[in-house]
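Fold and geometry: a report
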Amino acid sequence: MTLHERFAPDRLIATACAETGHDDFGADGWQHGLELVADGLIREARLSPIGVEVAYLDLMRALKNRLDVIAWRKQHPEIATQPIDAPIVIVGQPRTGTTILYDLLAQDPDLRAPLTWEVDAPCPVPQPETYHDDPRIAAAQASIEMSEQIIPGFMAFHPMGALVGQECVRITASEFTSMIFSVQYRLPSYYRWLLYEADHAGAYRFHRIFLQHLQSGVPGQWLLKSPAHLWQLDALLTEYPDALIVQTHRDPLNVISSIAALTQHLRRMGSEESNIAECAAQSYEEIAVGLEREMALRDSGAVPAGQVIDIHYADFITDPWTTIRGIYQKLGRELRPDTEQRMRDFLAAHPGDGGRGRYTWSDTGLDAGEVRERVTAYQERYSVPTEPLR
């Protein structure tokens, strides 16, 4: 079977319908994103044989999860009436401490993060009594460990686990309007469409449908995380007007070189041709646009100042507990001693390694002076210190 046949959207859709037994994808609008991703996988991604299989499974999971969730919702229409109140959403540039902050806050039993296993296999709806020993957990963990076998060192770059919180890009993948595709695969046409042309409203509508689905089994106040929200704060707040946003801040230059290294590493899973300078050029464009866009939205009042908590990466890494106590204070929540202890235990078990020289600015091929000039307004606005380049 040729690549054109393997990734033909009509064939993918028909296969997903046959394998699930459902044919209702819900609201239209997602098809164009699927067409662009599929076209990019054929023409631009330079997929290896194993990359073809991984990408195919990614697309099928996105389609089948959408079908399953919509079918479940039709069988249980009361799900659609349930509100999602004041979700706490961690945003910020990638590689700015968002993941460890997310993991620590998720130790609070009063907060509800979407876990990797339930995002990957949402049907049947997770249930409280089996939430930590559902058979889907082992399957999700095995898949993650397979990734580590394909590209050794993957987990050190971006720690993952079936029982830790998953990013929202994995949910919006089912709308095919998601940064997850353009990070994992070389898709230059798709990422520019995503950045400049795509309407993200449908992705956030499906995101709500997905959260309603999960919370119908295991309720709680949602704790969410994705750097991708930084680019679409207006769309996020249109869907969740009472969202509480925690934005992390760091010198964008080290962010860009770190993302470039991660992106190149991820793409090795699907391609034997991965160019770090190309990854860095994409990261630079995305980061610059994202920071400019979020500043404009905050200036315009589209993002109310009272709904955003700004966190400096350097402060958080130096003293995470002062940062977390400050977040709780601004949220009007009590940080109970037992919750803080759970966080401390998690951090002790997952200390991180600070990057360990996995990336350097010289690898990016970018002009540091040019990039610095473009991000100076951001740094001045949020008092973000310039870091020595790695």
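Anything mentioned here points back to the structure above.
Nothing here was measured: the structure is a model prediction, and the numbers come from that model. (Residues numbered from 1 in each chain as written. Predicted model: local features only at pLDDT ≥ 70, side-chain atom pairs only at ≥ 80, totals over all residues. Heavy atoms only, no water.)

Attention now goes to the packing of aromatic side chains. Counting across every chain of the model gives eight aromatic pairs. Judged by centre distance (6.2 Å) and plane angle (40 degrees), the ring pair of Trp-30 and Phe-176 falls under tilted. In this pair, Trp-30 sits in the loop between helix H2 (9-20) and helix H3 (31-43) while Phe-176 sits in the loop between helix H9 (169-172) and helix H10 (179-184), placing the two residues 146 residues apart along the sequence. Residue Phe-176 is classed as buried on the basis of its relative accessible area, which comes to 0%. Ring centres of Phe-181 and Tyr-190 lie 6.2 Å apart, and the angle between their planes is 85 degrees; this geometry places the pair in the edge-to-face category. Residue Phe-181 is classed as buried on the basis of its relative accessible area, which comes to 3%. Three or more aromatic residues link up through ring pairs in this structure, and these residues are Phe-25, Trp-30, Phe-176, Phe-181, Tyr-190 and Trp-193. The lysine or arginine in question, Arg-6, covers the ring of Tyr-56, its NZ or CZ lying 4.1 Å from the ring centre. (Phe/Tyr/Trp six-rings, centres within 6.5 Å; stacked < 30°, edge-to-face > 60°. Helix = DSSP H or I, 4+ residues; strand = E, 2+ residues; numbered from the N terminus. Buried < 20%, exposed > 50% of the residue type's maximum accessible area, 1.4 Å probe, protein only. Lys NZ or Arg CZ within 6 Å of the ring centre and 35° of its normal.)

The next point concerns unusual backbone geometry. Pro-124 follows Cys-123 through a cis peptide bond whose omega is -5 degrees. Note on placement: Pro-124 falls in the loop between helix H6 (116-120) and helix H7 (135-150). Positive phi, close to 55 degrees, is recorded for Arg-46, a residue that is not glycine. Along the chain, the position of Arg-46 falls in the loop between H3 and helix H4 (49-75). The phi angle at Arg-95 is positive, at roughly 65 degrees, despite the residue not being glycine.

The next subject is the side chain of Thr-339. Tracing the sequence through the fold places Thr-339 in helix H18 (residues 337-349). Residue contacts for Thr-339: discarding those within four places in its chain leaves Asp-108, Pro-109 and Tyr-328. (Contact = heavy atoms within 4.5 Å.)

As a further point, take the pairing of strand S1 (residues 88-92). Where burial is concerned, most of S1 is hidden: five out of the five residues are buried. Burial along S1 is two-sided: the residues Ile-88, Ile-90 and Gly-92 and Val-89 and Val-91 are all buried. Across three bridges, S1 lies against strand S3 (residues 221-225) in parallel orientation. When the sheet's bridge partners are listed, Ile-90 is paired in S3 with Lys-225. Both S1 and strand S4 (residues 244-249) contribute to a ladder of five bridges, which runs parallel. Directly across from Ile-88, in S4, lies its bridge partner Leu-244. (Pairing = 2+ DSSP bridges.)

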